[in-house]
Amino acid sequence: MSAPELDPDGRRYRGAAPGQRQRERRTRLIEAATEAFGTEGYRNTTVITLCTAAGVGKRYFYESFTDSEDLLLEVYREVTARMLGAIHLGIGDTDADIDTRVRGALTAYFQLIRDDPRVPRIAFFEILGVSPTVDRAYHDVLDALVDICLALLTPYVDLDNHPEASVRMVVLGLVGAILIIAQKWVLDDYRQPLADVVDSGFLVVTAVLARIASTTE
């Protein structure tokens, strides 16, 4: 005799606790949305489409997300966490020289973008112009990228002649330049070799650093 899907006391569902089942449904919805938003686009995807792909009923969508924008934000958080994690890994050992660490960070960043085209579509394009809440999430990620670059570059900066506030603005411009390179590469269907794109980003970073670097380094 098979066990009931839901015990009378509500504590078990097909052998799993309700909380576990909800987490599993949420994970499937995020995975389905990552695929759909990253291939078909956020505006071309409906809640029904996502529920069908995730294998859950529509009512279960709303136990985890208030609406499709709420789900987009969660997908964006996961995608950008992958990007930030790749950059951190690429930076590598603090004992390495700055050129090696910059090139490592850029290589990891661009390689992720190339290897999973869903990532740049979501992080660069689908996220734009949705709502003020989503725009804030986008700018929070920009700030996180700036923070990573500042942590990497500040030890080499002449802070006597370049105050931290102005350096942050310079690094913000630097992050913007790298993003534009990445976006153009994606829009051109990755025609340039990875090594060439990394070289372009490396030239931009090192040219800026050369102008603000401490002479003692």
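Residues numbered from 1 in each chain as written. Predicted model: local features only at pLDDT ≥ 70, side-chain atom pairs only at ≥ 80, totals over all residues. Heavy atoms only, no water.

**What to know about empty space enclosed by the protein**
Unfilled space is identified by rolling a water-sized probe across the atoms.
Move 1: Taken as a whole, this structure holds 2 cavities of 30 Å³ or more when the rule is applied.
Move 2: Lining the largest cavity are 16 residues, and of these Ile-87, Ala-105, Leu-106, Cys-149 and Ile-178 sit closest to its centre.
Move 3: Elements with a contribution of two residues or more to the lining of the largest cavity: α4 (68-91), α5 (98-115), α7 (132-153) and α8 (164-187).
Move 4: The element that contributes the greatest number of residues to the lining of the largest cavity is α7, accounting for 5 residues.
Move 5: In this structure, the second largest cavity occupies an estimated 90 Å³ of space.
Move 6: Of all the elements in the fold, those that place two or more residues in the lining of the second largest cavity are α4, α6 (118-126) and α7.
Move 7: Of the residues contributing to the lining of the second largest cavity, the split by class is 10 nonpolar, 1 polar and no charged. (1 Å grid on protein atoms, 1.4 Å probe; cavity = no way out; pocket = protein on both sides within 12 Å on 5 of 7 lines; lining within 4 Å. Points joined across faces, edges and corners; volume = space filled by probe spheres on them. Helix = DSSP H or I, 4+ residues; strand = E, 2+ residues; numbered from the N terminus. Nonpolar A, V, L, I, M, F, W, Y, C, P; charged D, E, K, R; others polar.)

**Focus: the packing of aromatic side chains**
Move 1: In total, this model carries 7 aromatic pairs according to the counting rule given.
Move 2: Consider the rings of Phe-61 and Tyr-62, whose centres lie 5.0 Å apart with planes at 70°: the pair is edge-to-face.
Move 3: For Tyr-62, a relative accessible area of 44% translates into the label partly exposed.
Move 4: Here the aromatic cluster, defined as three or more aromatic residues joined through ring pairs, consists of Tyr-109, Phe-110, Trp-185 and Tyr-190. (Phe/Tyr/Trp six-rings, centres within 6.5 Å; stacked < 30°, edge-to-face > 60°. Buried < 20%, exposed > 50% of the residue type's maximum accessible area, 1.4 Å probe, protein only.)

**Quick word on the packing of α4 against α6**
Move 1: Two numbers describe how α4 lies on α6: the axes approach to 10 Å, and their chain directions differ by 120°. Taken together, the axes of α4 and α6 lie oblique to each other. As α4 runs across α6, the sense of the crossing is left-handed. From α4, Leu-72, Val-75, Tyr-76, Val-79, Thr-80, Arg-82 and Met-83 reach across to α6, where they touch Arg-118, Val-119, Ile-122, Ala-123, Phe-124 and Glu-126.
Move 2: When the residues that make up the contact of α4 with α6 are grouped by side-chain class, the tally is 9 nonpolar, 1 polar and 3 charged. (Axes fitted to C-alpha atoms, helices over the stretch in contact; angles between N-to-C directions. Parallel < 35°, antiparallel > 145°, perpendicular 65-115°, else oblique. Left-handed = near helix turned anticlockwise from the far one by under 90°. Contact = heavy atoms within 4.5 Å.)

**Looking at helix α2 (residues 47-54)**
Move 1: All buried positions along α2 are accounted for by Val-47, Leu-50, Cys-51 and Ala-54. Seen from one end, α2 has its buried residues packed into an arc of 100°, which puts them on one side. The exposed set on the far side of α2, more than 90 degrees from its buried face, consists of Ile-48, Thr-52 and Ala-53.
Move 2: Positive phi shows up at Gly-55, right after α2, with a value of about 70°. (Arc of directions from axis to C-beta.)

**Observations concerning the environment of Cys-51**
Move 1: As for its position among the elements, Cys-51 is in helix α2.
Move 2: Given the relative accessible area of 4%, Cys-51 is considered buried.
Move 3: Placed 19 residues apart in sequence, Cys-51 and Ala-32 show a C-alpha to C-alpha distance of 8.1 Å.

**Here's the deal with the nonpolar core**
Move 1: By size, the foremost hydrophobic cluster in this structure holds 68 residues, and its most contacted members are Phe-37, Leu-71, Tyr-109, Phe-110 and Phe-124.
Move 2: Filtering out sequence-adjacent residues up to four positions away, Tyr-109 remains in contact with Met-83, Ile-87, Phe-124, Ile-178, Leu-179 and Ala-182. (Core = buried A, V, L, I, M, F, W, Y, C linked by side-chain atoms within 4.5 Å.)

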